Amino acid sequence: MDGGRLHRLGKRLIELSSGVTGEVGDLALTPGEAAVLEDVIKHPAGSISEIHQRTGFVQSHVSASVSRLKARGLVRVTTDPNDGRRTRVLIADEALQAITRRAARDIDQVIGHTIADPAQARRATELLEELADLLL
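None of the values given here were measured: they were computed from a predicted structure.

A.B. asks: I'd love a proper account of the overall build of the chain, names of residues and values included.
C.D. replies: What the chain contains, in helices and strands, is seven helices and three strands. Relative to the globule expectation of 14 Å for 136 residues, the C-alpha radius of gyration of the chain, 18 Å, shows a markedly less compact shape. Counting only C-alpha atoms, the chain reaches 60 × 35 × 25 Å along its principal axes. The buried share of the chain, reckoned over its 136 residues, is 23%. Excluding contacts between residues fewer than 6 apart, the proportion of contacts in the chain whose partners are at least 24 apart in sequence is 48%. Carbon together with sulfur atoms contributes 55% to the accessible area of the chain, which is approximately 9400 Å² in total. On the chain, the mean spot of the 18 positive side-chain charges and the mean spot of the 19 negative ones are 6 Å from each other.

A.B. asks: For a negative patch on the surface, give the residues involved together with the corresponding values.
C.D. replies: On the surface, Asp106, Asp108, Glu129, Glu130 and Asp133 cluster together into a negatively charged patch. Ranked by residue count, the leading element in the negative patch is helix H7 (residues 118-135), at three residues. Mapped onto the fold, Asp133 is located in helix H7. The class of Asp133 is exposed, set by a relative accessible area of 63%.

A.B. asks: Go over the pairing of strand E3 (residues 83-91) with me, naming the residues and quoting the values.
C.D. replies: Bridge analysis of strand E1 (residues 46-47) against E3 gives two bridges, and the strand direction is antiparallel. Following the sheet pairing, Gly46 is matched in E3 by Val89. When strand E2 (residues 75-80) meets E3, the two strands line up antiparallel, connected through six bridges. Paired with Thr78 across the strands is Arg88, a residue of E3. In textbook terms, the turn of a hairpin is the stretch between consecutive antiparallel strands, and for E2 and E3 this stretch comprises two residues.

A.B. asks: Go over the nonpolar core with me, naming the residues and quoting the values.
C.D. replies: Judged by nonpolar contacts, the single largest core of 14 residues is most densely connected at Val40, Val66, Val75 and Val89. When contributions to this core are tallied by element, the ones reaching two or more residues are helix H2 (31-42), helix H3 (48-55), helix H4 (59-71) and E3. If we skip the residues at most four places from it in the chain, Val40 touches Ile51, Val75, Val89, Leu90 and Ile91. Judged by nonpolar contacts, the second largest core, of six residues, contains Leu16, Val20, Val110 and Ala124.

A.B. asks: Please give an account of the pattern of salt bridges that cites residues and values.
C.D. replies: This model, assessed by the stated rule, comprises nine salt bridges. In this structure, Arg72 engages Glu33 in a salt bridge whose closest nitrogen and oxygen atoms are separated by 3.2 Å. Of this pair, Arg72 sits in the loop between H4 and E2 while Glu33 is found in helix H2, placing the two residues 39 residues apart along the sequence. For Arg72, a relative accessible area of 33% translates into the label partly exposed. Each of the salt bridges in this network shares a partner with another, and the network as a whole consists of Glu33, Arg68 and Arg72.

A.B. asks: Describe in detail the packing of H2 against H3, supporting the description with residues and values.
C.D. replies: Between H2 and H3, whose axes approach to 10 Å, the crossing angle comes to 115°. One finds that H2 runs roughly perpendicular with respect to H3. For the pair H2 and H3, the sense of crossing is right-handed. Two secondary-structure elements touch here, H2 through Ala35, Val36, Asp39 and Val40 and H3 through Ile51, Arg54 and Thr55. For the contact of H2 with H3, the per-class residue count stands at four nonpolar, one polar and two charged.

A.B. asks: Any details on helix H1 (residues 3-21)? Residues and values, ideally.
C.D. replies: Taking 1.5 Å of rise per residue, the 19 residues of H1 would be expected to cover 27 Å, and the 27 Å separating its terminal C-alpha atoms lies within 8% of that figure. Its side-chain oxygen 3.2 Å from the backbone nitrogen of Gly4, Asp2 forms the N-cap of H1.

Criteria and cut-off values
- Residue numbering note: each chain is counted from 1, following its sequence as written.
- Given that the model is predicted, a residue must reach a pLDDT of at least 70 before its local features are reported, and side-chain atom pairs must reach 80 or more before they are shown or counted; all residues, however, enter totals for whole chains, interfaces and linings.
- To get the side-chain values, all heavy atoms of the structure are used, and hydrogens and water are removed first.
- Counting from the N terminus, the helices are the DSSP runs of H or I reaching at least four residues and the strands are the DSSP runs of E reaching at least two.
- With C-alpha atoms as the basis for the radius of gyration, the globule rule is written as 2.2 Å multiplied by the number of residues raised to the power 0.38.
- The buried label goes to any residue with under 20% of its type's maximum accessible area, the exposed label to any with over 50%, and the partly exposed label to all in between, with areas taken from a 1.4 Å probe on protein chains only.
- Between two residues, a contact is recorded if the distance between any of their heavy atoms is within 4.5 Å.
- Here the Shrake-Rupley method, with its probe set to 1.4 Å, supplies the accessible areas, and only the displayed protein chains count as covering residues.
- For the charge count, each Lys or Arg is scored as positive and each Asp or Glu as negative, with His and the chain ends excluded.
- For charged residues, the charge sits on one atom: NZ in Lys, CZ in Arg, CG in Asp, CD in Glu.
- Distance thresholds for patches are 9 Å for like charges and 5 Å for nonpolar side chains (Val, Leu, Ile, Met, Phe, Trp, Tyr), applied to residues having over 30% relative accessible area and no salt bridge.
- We count a salt bridge whenever a side-chain nitrogen from Lys or Arg sits within 4 Å of a carboxyl oxygen from Asp or Glu.
- We treat two strands as partners when DSSP finds at least two bridges between them.
- By nonpolar core we mean a set of buried residues, namely Ala, Val, Leu, Ile, Met, Phe, Trp, Tyr and Cys, connected to one another through side-chain atoms within 4.5 Å.
- To define axes, lines are fitted to C-alpha atoms, for helices over the stretch in contact only, and angles between the resulting N-to-C directions are given on a 0 to 180 degree scale.
- Should an angle fall under 35 degrees it is taken as roughly parallel, and over 145 as roughly antiparallel, whereas 65 to 115 is taken as roughly perpendicular and any remaining angle as oblique.
- We call a crossing left-handed when the near helix sits turned anticlockwise from the far one by less than a right angle, and right-handed when that turn is clockwise.
- Residues are grouped as follows: Ala, Val, Leu, Ile, Met, Phe, Trp, Tyr, Cys and Pro are nonpolar; Asp, Glu, Lys and Arg are charged; every other residue, Gly included, is polar.
- Helix span is expected to be 1.5 Å times the residue number reduced by one.
- Polar contacts, as used here, are pairs of N or O atoms within 3.5 Å; protein pairs need one atom able to donate a hydrogen and one able to accept it. Residues neighboring in sequence count only if both atoms are side-chain atoms.

See below:
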């Protein structure tokens, strides 16, 4: 497989995962906000500077994204007890519960709509499980 095909596969998998985890009425996040939110989930209580270093976004972009995510109730911020100038960012409890609930959804329906043949759809699901086991 070449890099171009891998890239197209990755984009398609993202589309499929959005079909499983998305809901009508979900807040639309910019790609930057989504990346910052993902970093906050993976690295609880990270500082703006740490998020900036991990994501590669400029610090002002991270600060603006955190501000918008906070306004939407997706993250909460606290002051670092060791350095009052530093802000720590955490996922909001309600947001984490919603994300966890959505992540637990079964992919069979989305795969079944994508691949009409039930046997091929089952095989695709099995291959995705195997790939996840190998790569994650």
